Amino acid sequence: QVHLVESGGGLVQAGGSLRLSCAASGSIFTINTMGWYRQAPGKQRDLVARITRGGSTDYADSVKGRFAISRDNAKNTVSLQMNSLKPEDTAVYYCNADIITSILLPPKNGWGQGTQVTVSS
């Protein structure tokens, strides 16, 4: 069993900052890509940012220059620093990871429970 637990969401005014963190725990051999997705009410879940084990990153156009993703491979954690937040960033943010529990098994894709980020205007 592998668990992903997010923390760091909350309410912030436009222009403010928040930092989200996600920790993976359980029977983990290694983790490939880790990322953050978000889902606003009535909308689909979309990619915000992702990072490979080697550190290559990918961002949604809407957050480039404002958000920064990072990870600690030794601690199996991924973080998302969100600056210059806008009301349209309001959503539930989900951690995602491709987790390998054994070299004999393919990666399993897992999701955290989500953390609410609300940006007031």
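Scroll up for the structure.
Q: Any chance you could break down the environment of threonine 90 for me, citing the residues and the numbers?
A: Mapped onto the elements of the fold, threonine 90 is located in the loop between strand 8 (77-82) and strand 9 (91-100). Along the primary structure threonine 90 and arginine 38 are separated by 52 residues, whereas in three dimensions their C-alpha atoms are 8.7 Å apart. Setting aside residues no more than four positions away along its own chain, threonine 90 makes contact with Ala40, Gln116, Val117, Thr118 and Val119. Of note is the side chain of threonine 90, whose polar atom sits 2.9 Å from the backbone oxygen of proline 87. One polar contact links the side chain of threonine 90 to the main-chain amide nitrogen of valine 119, over a distance of 2.9 Å.

Q: Talk me through the nonpolar core; I want residue IDs and the actual numbers.
A: Ranked by size, the top nonpolar core spans 28 residues in total, and within it Trp36, Leu80, Met82 and Tyr93 carry the most contacts. Looking at this core, the elements that each hand over two or more residues are strand 3 (18-26), strand 4 (30-39), strand 5 (46-51), strand 7 (67-72), strand 8, strand 9 and strand 11 (115-120). For this core, the leading source of residues is strand 9, giving five residues.

Q: Would you mind going over the state of the cysteines in detail, with residue names and values included?
A: Throughout the structure, instances matching the rule amount to one disulfide. Cysteine 22 shares a disulfide with cysteine 95; S-S distance 2.1 Å. Residues cysteine 22 and cysteine 95 are joined by a disulfide whose S-S torsion is about -80 degrees; by sign, that bridge is left-handed. Note that cysteine 22 is positioned in strand 3 and cysteine 95 in strand 9, a separation of 73 residues in sequence.

Parameters and conventions
- Residues numbered from 1 in each chain as written.
- Predicted model: local features only at pLDDT ≥ 70, side-chain atom pairs only at ≥ 80, totals over all residues.
- Heavy atoms only, no water.
- Helix = DSSP H or I, 4+ residues; strand = E, 2+ residues; numbered from the N terminus.
- Contact = heavy atoms within 4.5 Å.
- Polar contact = N/O pair within 3.5 Å; in protein donor to acceptor, adjacent residues only side chain to side chain.
- Core = buried A, V, L, I, M, F, W, Y, C linked by side-chain atoms within 4.5 Å.
- Buried < 20%, exposed > 50% of the residue type's maximum accessible area, 1.4 Å probe, protein only.
- Disulfide = S-S within 2.5 Å.

Take it as geometry only, folks, not as evidence of what the structure does.
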